[in-house]
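Fold and contact review
Listed below, chain by chain, are the residues.
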Amino acid sequence: MDTRSPDSATRRALRAAAVLAVAAACAVGLVAVVHELATPRIVDVQRARRIAQLTAVMGNIAYDNDPLSDIVSVHDPELLGSEEPLVAHRVRRGGEAVAVLVNAVAPDGYAGPIRLIVAVDAQGRLLGVRVVEHRETPGLGDLIDERRSDWIHGFDGRSLGDPPVARWQVRKDGGDFDQFTGATITPRVIVRAVRGVLEYVARHHDELFGAAPAPGGPGTP
């Protein structure tokens, strides 16, 4: 026969619940402290990665500003491939803009949109192009990725006059740029997207290479 009173069982249950509540509170607090301590490190790592990405695409050009904060909003669905505004980073030396790094999209890739970053100097020459996001077919379309081939370096030093605009196409279409065996669509849309960026920069040169945006937000050419 169980001689324990209902009150004793209730008290034990309450004590157990209280212990669990304290343990849960301590765990939540510990997670919050760890997150607070780790956040600055995470931010620093993310920033370093973004700087490395920008530095890689603009080559060995010297600069003395912070291109992550010297930005301008750009928008042209026809030339930049996105209905949403994108970001361009301005690179300066001695206060003068020497290059602009424009984010763009090739919306009609074989497996979906392809995101690019394109670096152009003040004379309209390409410093570099990099694919930052794609879903192209491994072994075929993914040759646009610098880690898979050096095809993307074929844009280095080019401009709207080199080659002439009419020859900014893959060779299969009568242009100057190589395509891939068994994969023409991917290089075709990349060439078109890069040409679009060059045309955008030419149209908005003064705004893109102008003074840094006033505090309160980037401008919009």
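Overview of the structure. Note that the structure is a prediction, hence the values are computed from the model and not measured. (Residues numbered from 1 in each chain as written. Predicted model: local features only at pLDDT ≥ 70, side-chain atom pairs only at ≥ 80, totals over all residues. Heavy atoms only, no water.)

1. A word on the packing of aromatic side chains
Applied cut-off: Classification of ring pairs uses Phe, Tyr and Trp, with its six-membered ring standing for Trp, and accepts pairs whose centres are within 6.5 Å; under 30 degrees between planes counts as stacked, over 60 as edge-to-face, and the remaining range as tilted.
Under the defined criterion, the tally for this structure stands at 5 aromatic pairs. Cluster of aromatic residues (ring-pair linked, three or more members): W151, F155, W168, F177 and F180.

2. Things to note about the pairing of strand 2 (residues 86-93)
Our working rule: Only protein chains enter the area calculation, which uses a 1.4 Å probe; residues under 20% of their type maximum are buried, those over 50% are exposed, and those in between are partly exposed. The way it works is that DSSP assigns letters per residue, a run of H or I at least four long becomes a helix, a run of E at least two long becomes a strand, and they are numbered from the N terminus. Two strands pair if DSSP finds at least two bridges between them.
With 6 of 8 residues buried, strand 2 lies mostly within the body of the structure. One ladder, built from 4 bridges, connects strand 1 (residues 71-74) with strand 2; its direction is antiparallel. The residue of strand 2 that forms the bridge with I71 is H89. Remark: 2 residues form the turn of the hairpin made by strand 2 and strand 3 (residues 96-106), two consecutive strands paired antiparallel; G94 in that turn has positive phi of roughly 60°.

3. A closer look at the pattern of salt bridges
To be explicit about the condition: Counted as salt bridges are all cases of a side-chain nitrogen of Lys or Arg within 4 Å of a carboxyl oxygen of Asp or Glu.
A complete count under the given rule lists 12 salt bridges for this structure. Close ionic contact of R92 with D70 constitutes a salt bridge, the shortest N to O distance being 2.4 Å. Here R92, found in strand 2, pairs with D70, found in the loop between helix 1 (6-57) and strand 1; they are 22 residues apart in sequence, far enough to count as distant. Classification of D70 as buried rests on a relative accessible area of 7%.

4. A closer look at the nonpolar core
We apply this condition: To form a nonpolar core, buried Ala, Val, Leu, Ile, Met, Phe, Trp, Tyr and Cys residues must be joined to one another through side-chain atoms within 4.5 Å. Working rule for contacts: check all heavy atoms of both residues, and any pair within 4.5 Å makes them a contact.
Counting residues in each nonpolar core, the largest one holds 38 residues, and the members touching the most others are V74, L126, F155, I190 and L208. If you list the elements that add at least two residues to this core, you get strand 1, helix 2 (77-80), strand 2, strand 3, strand 4 (114-121), strand 5 (126-133) and helix 3 (185-203). With 9 residues, the single largest contributor to this core is helix 3. The residues contacting L126, other than those within four sequence positions of it, are V118, A119, V120, F155, D156, G157, R158, W168, V194 and L198. Ranked by size, the runner-up nonpolar core spans 11 residues in total, among them M58, V98, I117 and A119.

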